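Descriptive analysis of the structure
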Amino acid sequence: MKTLKDVKIGETAAVKKLHGDGAVKRRIMDMGITKGVEVYVRKVAPLGDPIEVNVRNYELSLRKADAQLIEVE
(Lines give C-alpha, C1' and ligand atoms only; values in the text may rest on other atoms or scores of the structure.)
Protein backbone atom coordinates (compact mmCIF):
# COMPACT_ATOMS: atom_id res chain seq x y z
CA MET A 1 0.00 0.00 0.00
CA LYS A 2 1.45 3.35 -1.07
CA THR A 3 0.47 6.37 1.02
CA LEU A 4 0.79 10.11 0.45
CA LYS A 5 3.76 10.07 2.83
CA ASP A 6 5.66 7.88 0.32
CA VAL A 7 5.15 10.22 -2.66
CA LYS A 8 8.32 12.11 -3.65
CA ILE A 9 8.59 15.90 -4.05
CA GLY A 10 7.38 16.99 -7.48
CA GLU A 11 5.19 13.94 -8.06
CA THR A 12 1.42 13.79 -8.46
CA ALA A 13 -0.72 10.97 -7.09
CA ALA A 14 -4.42 10.14 -7.20
CA VAL A 15 -6.20 9.39 -3.93
CA LYS A 16 -7.37 5.78 -3.88
CA LYS A 17 -8.79 5.42 -0.35
CA LEU A 18 -8.92 7.21 3.00
CA HIS A 19 -8.17 5.28 6.17
CA GLY A 20 -8.75 6.33 9.77
CA ASP A 21 -11.83 6.60 11.86
CA GLY A 22 -14.64 9.12 12.26
CA ALA A 23 -13.38 12.60 13.04
CA VAL A 24 -9.93 12.16 11.48
CA LYS A 25 -11.33 10.88 8.19
CA ARG A 26 -13.98 13.64 8.15
CA ARG A 27 -11.31 16.34 8.73
CA ILE A 28 -9.21 15.04 5.81
CA MET A 29 -12.28 15.02 3.57
CA ASP A 30 -13.21 18.56 4.68
CA MET A 31 -9.77 19.72 3.50
CA GLY A 32 -10.70 18.58 -0.02
CA ILE A 33 -8.89 15.26 -0.11
CA THR A 34 -11.44 12.76 -1.40
CA LYS A 35 -11.30 9.61 -3.51
CA GLY A 36 -10.07 10.25 -7.06
CA VAL A 37 -8.62 13.74 -6.49
CA GLU A 38 -5.08 14.51 -7.74
CA VAL A 39 -2.55 15.59 -5.10
CA TYR A 40 0.77 17.23 -6.04
CA VAL A 41 3.56 17.14 -3.42
CA ARG A 42 5.26 20.56 -3.37
CA LYS A 43 7.58 20.45 -0.36
CA VAL A 44 8.53 18.34 2.61
CA ALA A 45 9.96 19.98 5.74
CA PRO A 46 13.57 19.07 6.63
CA LEU A 47 12.53 16.60 9.33
CA GLY A 48 9.71 15.20 7.18
CA ASP A 49 6.83 16.89 8.99
CA PRO A 50 4.71 18.65 7.65
CA ILE A 51 4.20 17.85 3.97
CA GLU A 52 3.00 20.68 1.71
CA VAL A 53 0.69 19.65 -1.14
CA ASN A 54 -1.46 21.25 -3.83
CA VAL A 55 -4.98 19.88 -3.97
CA ARG A 56 -7.97 21.39 -5.83
CA ASN A 57 -5.95 24.51 -6.73
CA TYR A 58 -4.91 25.43 -3.18
CA GLU A 59 -1.94 24.73 -0.93
CA LEU A 60 -2.33 22.51 2.10
CA SER A 61 0.07 21.38 4.83
CA LEU A 62 -0.48 17.92 6.25
CA ARG A 63 1.06 16.16 9.21
CA LYS A 64 3.01 13.01 8.41
CA ALA A 65 0.52 11.01 10.52
CA ASP A 66 -2.39 12.31 8.42
CA ALA A 67 -0.52 11.66 5.15
CA GLN A 68 -0.11 8.01 6.18
CA LEU A 69 -3.90 7.65 6.27
CA ILE A 70 -4.25 8.64 2.59
CA GLU A 71 -3.74 5.70 0.22
CA VAL A 72 -2.67 6.78 -3.30
CA GLU A 73 -1.88 5.21 -6.66
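Structure: above.
Residues numbered from 1 in each chain as written. Predicted model: local features only at pLDDT ≥ 70, side-chain atom pairs only at ≥ 80, totals over all residues. Heavy atoms only, no water.

1. Description of the environment of Arg63
Here Arg63 lies in the loop between β4 (58–62) and α2 (64–67). When the C-alpha positions of Arg63 and Asp30 are compared, they lie 15 Å apart, and in sequence the two are 33 residues distant. The contacts of Arg63, once residues within four sequence positions are left out, are Arg27 and Asp49. (Helix = DSSP H or I, 4+ residues; strand = E, 2+ residues; numbered from the N terminus. Contact = heavy atoms within 4.5 Å.)

2. Details of the pattern of salt bridges
For the structure shown, the criterion picks out five salt bridges. For Glu71, the salt bridge identified is with Lys16, shortest N-O distance 3.8 Å. Taken together, the residues Glu71 in strand β5 (residues 70–72) and Lys16 in strand β1 (residues 12–18) connect sequence positions 55 residues apart. Note that Arg26 is salt-bridged to Asp30, the shortest N-O span being 3.2 Å. Highlighted residues: Arg26 and Asp30, both in helix α1 (residues 22–30), separated by four residues, approximately one helical turn. (Salt bridge = Lys/Arg side-chain N within 4 Å of Asp/Glu carboxyl O.)

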